[in-house]
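# Structural overview for review
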Amino acid sequence: LPGTTPVRSRARGPAAGAARLDPPPEEPAGQTCAEGGGWAAAQLTQFCGSRSYCAPEVLACRGYDGYLADVWSLGVCLFAMLCGYLPFEDPDTGALYKRIMAGTYKIAPFVSAEAADLIRGMLTTEPLQRFAVSDIYAHPWMLHRCAAPP
């Protein structure tokens, strides 16, 4: 997508990894980054990226599935593209984290019911209840607007 920065995974190839609507911040020297799908098939434990796009399980500092965390980040991107603002924003980092952990956001009233349903499925705070990529492809909003995956 124009204006997004793909984050590629070494372990799972270019299909895994988050896309974001802002330029990536500089990574501090000596800090490792577990990108999107991660370096290995095991659960990831390190954080990297913009706070507003970060999945709750990543903020909770417990192991997480990179694919499910990527679905959250892509849900944030979809929300921003359709609503015109980010779902989770607060100048106070602690308050921002609380909003993300609670999944507290407000979808713009002009967003269709189908699109809102897709966003809610992608921004579900419980990772195992969150939409998988196959759920996203099969969602009515996607079926009406996008070509089938290869």
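Report follows, based on the coordinates. Quick caveat, the model's predicted, so the values are computed rather than measured.

With that out of the way, let us pick up the side chain of His 139. Mapped onto the secondary structure, His 139 falls in the loop between α5 (133-138) and α6 (140-145). His 139 gets classed as buried once you look at its relative accessible area, which sits at 5%. A distance of 2.7 Å separates a polar atom in the side chain of His 139 from a polar atom in the side chain of Asp 117. Every residue in contact with His 139, bar those within four places of it in the chain, is listed here: Glu 114, Asp 117, Leu 118 and Phe 131.

Below, the discussion takes up the packing of aromatic side chains. The full count for this structure, using the stated rule, is four aromatic pairs. Relative to Phe 88, the ring of Trp 72 lies with its centre 5.5 Å away and its plane at 15°, an arrangement referred to as stacked. With a gap of 16 residues between them, Trp 72 in helix α2 (residues 66-83) and Phe 88 in the loop between α2 and α3 (93-102) connect regions that are remote in the sequence. Judged by centre distance (5.7 Å) and plane angle (85°), the ring pair of Phe 88 and Tyr 105 falls under edge-to-face. Within this pair, whereas Phe 88 is found in the loop between α2 and α3, its partner Tyr 105 is found in the loop between α3 and α4 (113-122), the two being separated by 17 residues in sequence. One exposure class covers both Phe 88 and Tyr 105, and it is buried. Feature note: the residues Trp 72, Phe 79, Tyr 85, Phe 88 and Tyr 105 constitute an aromatic cluster, connected by ring pairs.

It is worth spelling out the nonpolar core at this point. Within the largest apolar cluster, 33 residues are counted, with the highest numbers of intra-cluster contacts made by Phe 88, Ile 107, Leu 118 and Leu 123. Those elements that provide at least two residues to this core are α1 (56-59), α2, α3, α4 and α6. Element by element, the count of residues in this core is highest for α2, at nine residues. Here Phe 88 is in contact with Ser 52, Trp 72, Val 76, Leu 96, Arg 99, Ile 100, Gly 103, Thr 104, Tyr 105 and Leu 123, once residues within four sequence places are set aside.

Before going further, it helps to examine the environment of Val 71. Structurally, Val 71 can be placed in helix α2. Separated by 65 residues in the primary sequence, Val 71 and Ile 136 have C-alpha atoms spaced 9.0 Å apart. With residues near it in sequence (within four places) discarded, Val 71 still touches Met 122, Arg 130, Phe 131, Val 133 and Ile 136.

Cut-offs used in this document
- Residues numbered from 1 in each chain as written.
- Predicted model: local features only at pLDDT ≥ 70, side-chain atom pairs only at ≥ 80, totals over all residues.
- Heavy atoms only, no water.
- Helix = DSSP H or I, 4+ residues; strand = E, 2+ residues; numbered from the N terminus.
- Buried < 20%, exposed > 50% of the residue type's maximum accessible area, 1.4 Å probe, protein only.
- Polar contact = N/O pair within 3.5 Å; in protein donor to acceptor, adjacent residues only side chain to side chain.
- Contact = heavy atoms within 4.5 Å.
- Phe/Tyr/Trp six-rings, centres within 6.5 Å; stacked < 30°, edge-to-face > 60°.
- Core = buried A, V, L, I, M, F, W, Y, C linked by side-chain atoms within 4.5 Å.

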